[in-house]
Amino acid sequence: MKKTALLLFSLFYIATFGQNKLDKSKSELNSGTSKKNQSSTSYSSSSGSSKSKSSGGDNILGKAIADIFIYTTFGVFKYGVIGDYKNEDHLYSNLTPYPYYNRKSGNFENSDTLSVTANKARLDIENNFVYNSSALFGNHLKAKIRPFQYFYLQSDFHQLFEIDKIDNTANRLSLFQFNLNYDRIRLEKFNFGWNLGATYVGNEVKKGGFAYGLNAEYFMENRVSFFAAAKWSRINSLPVNTYELQGKFHSKNYFFSLGLEHLKIATPTYTLVALGGGIYF
C-alpha cells in the first residue's frame, strides 16, 4: 500500500512540477502581465496638466541641470562604455586568428606584435548539447562574425525539448538572440565587453524584444580559458534571460567546452549542463 501511494505521489509530482515548463513559458509570454490600473494613469496625466508653468529662474536652473546631465552622460558613455582611444593602448590590440595560435594570446594580442594575420576577419562557430534530464534537453548553436578587432556580430539559437513521459508527447521552444558586441577591454589574457541586440521566441509565441548583456573571457597558460556571459531582455513585459559559465580547452583552431547554462523564460527557469565544442575560421 505504501509503495502504491509513493508511486502515485511521484507520478503526481512529475506531472505537476517536472513537466510542461516550456508550455508555461510560452503561455506566459503570449499573455504577458496584467494591464496597469487605467485610473492611476489618467489621474497622473490630469494632475500633470494642471501644474502651472515654471518661472524664468526655474527654466535657467533646469537647463543648467540638463546640460550637466548630458555632459556627464556623454563622458560616462565615452570613457566607460567606449573607452579612451588616445590613452588606452589595449583598445588597439590585434585580433588573433584563434586563441593560443602563438601559445600565449587569447582573442587579442598587443598592437605592436608583428603578425601577418593582424586584424584579419574571423568566424567563430560553437555548438553545445544542453541537458537537464531525460525529459528536458536541447541544443545551443552560436556564431560570431568578427570583421576586425573593434566589434563583432553574434547570433545564438537555443532549441529546447521537453518530453512528457506520462502523455508520451514532446514540446519544444526556439529562442533566438542577435547582438552587436563590443569588447571594452582587449588584453592578451582577458577581454570584457557588452552587447546590444534583440531576443526572439518562435513556435507559438513569435514575439521579440530588446536585449543587452555582458561577457568576459580569461585565458590561462595551459590552453584553458573560462568564459562567462549574461543577456537580459523582456518580451511582452516578462523576462527572457540567459546566463553562461563555461570552461574551454583549446587545440589549434578548435576547442572543447564544458559548462552550465541558466535560462529564465517568463516565470520558469532552466538549468542545463552544456557540452560541446567549436572552431575558428
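The sections below set out a description of the structure shown in this document. (Residues numbered from 1 in each chain as written. Predicted model: local features only at pLDDT ≥ 70, side-chain atom pairs only at ≥ 80, totals over all residues. Heavy atoms only, no water.)

Observations concerning unusual backbone geometry
At step 1: For N203, which is not a glycine, the phi torsion comes out positive at approximately 55°.
At step 2: Mapped onto the elements of the fold, N203 is located in the loop between β7 (190-201) and β8 (207-219).
At step 3: Owing to a relative accessible area of 17%, N203 belongs among the buried residues under this scheme.
At step 4: Of note in the backbone geometry, K206 takes a positive phi value of approximately 55° without being a glycine.
At step 5: By the secondary structure assignment, K206 is in the loop between β7 and β8. (Helix = DSSP H or I, 4+ residues; strand = E, 2+ residues; numbered from the N terminus. Buried < 20%, exposed > 50% of the residue type's maximum accessible area, 1.4 Å probe, protein only.)

Notes on the pattern of salt bridges
At step 1: Tallied over the entire structure, the rule returns nine salt bridges.
At step 2: A salt bridge links E204 to K26, with the shortest nitrogen-to-oxygen separation between them at 2.9 Å. Of the two residues, E204 sits in the loop between β7 and β8 while K26 sits in helix α2 (residues 21-31), which places them 178 residues apart along the sequence.
At step 3: Residue classification places K26 among the buried positions, given a relative accessible area of 3%.
At step 4: For the salt bridge of E88 with R184, the shortest nitrogen-to-oxygen distance reads 2.9 Å. Taken together, the residues span a long stretch of sequence, with E88 in the loop between α4 (56-82) and β1 (94-95) and R184 in strand β6 (residues 169-186) at a distance of 96 residues.
At step 5: Relative accessible area serves as the criterion here: at 18%, E88 is assigned to the buried category.
At step 6: A network of salt bridges, in which partner residues are shared, links R122, D124 and R146. (Salt bridge = Lys/Arg side-chain N within 4 Å of Asp/Glu carboxyl O.)

Quick look at the side chain of Q246
At step 1: Looking at the element boundaries, Q246 is found in strand β10 (residues 238-251).
At step 2: The residues touching Q246, leaving out its near neighbours within four places in the chain, are E126, N128, S225, F226, F227, S257, L258 and G259. (Contact = heavy atoms within 4.5 Å.)

Section: the packing of aromatic side chains
At step 1: Tallying each qualifying case throughout the model produces 18 aromatic pairs.
At step 2: With 5.0 Å between their ring centres and 90° between their planes, F148 and F151 make a pair best called edge-to-face.
At step 3: Take F148: its relative accessible area is 31%, and that puts it in the partly exposed class.
At step 4: Given the relative accessible area of 33%, F151 is considered partly exposed.
At step 5: Here the aromatic rings of Y212 and W232 are separated by 5.6 Å at their centres, their planes lie at 35°, and the arrangement is tilted. Placement of the pair is Y212 in strand β8 and W232 in strand β9 (residues 224-235), with a sequence separation of 20 residues.
At step 6: We classify Y212 as partly exposed; its relative accessible area is 41%. (Phe/Tyr/Trp six-rings, centres within 6.5 Å; stacked < 30°, edge-to-face > 60°.)

Some words on the sheet that holds β9
Sheet strands associate in pairs through backbone hydrogen bonding, adopting either a parallel or an antiparallel arrangement.
At step 1: Strand order in the closed barrel formed by ten strands is β3-β4-β5-β6-β7-β8-β9-β10-β11-β12, and the pairing between neighbours is antiparallel. Across this sheet, the average inter-strand angle for adjacent strands is 20°, counted without regard to direction.
At step 2: Taken strand by strand, α2 contacts β5 (152-164), β6, β7, β8, β9, β10, β11 (254-265) and β12 (269-280), and its axis lies near 70° from that of β6. (Pairing = 2+ DSSP bridges. Axes fitted to C-alpha atoms, helices over the stretch in contact; angles between N-to-C directions.)

Observations concerning α2
At step 1: Taken together, the buried positions of α2 are occupied by L22, S25, K26, E28 and L29. Buried residues of α2 fall within an arc of 165° about the axis and therefore sit on the same side.
At step 2: Just downstream of α2 lies G32, where phi reads positive at about 70°. (Arc of directions from axis to C-beta.)

What about the environment of S93?
At step 1: Among the structural elements, S93 can be located in the loop between α4 and β1.
At step 2: With relative accessibility at 3%, the residue S93 sits in the buried group.
At step 3: Along the primary structure S93 and N110 are separated by 17 residues, whereas in three dimensions their C-alpha atoms are 4.9 Å apart.
At step 4: A polar atom in the side chain of S93 sits 2.8 Å from the backbone oxygen of H90. (Polar contact = N/O pair within 3.5 Å; in protein donor to acceptor, adjacent residues only side chain to side chain.)

Focus on the nonpolar core
At step 1: Membership of the largest hydrophobic core comes to 18 residues, with the highest contact counts inside it found for L29, L160, V201, L263, I265 and Y270.
At step 2: Listed by contribution, the elements that provide at least two residues to this core are α2, β6, β10, β11 and β12.
At step 3: Per-element tally for this core: the top contributor is β12, with three residues.
At step 4: With residues near it in sequence (within four places) discarded, Y270 still touches K21, L22, S25, L136, E261, H262, L263 and I265. (Core = buried A, V, L, I, M, F, W, Y, C linked by side-chain atoms within 4.5 Å.)

The values reported here are purely geometric and, on their own, carry no functional implication.
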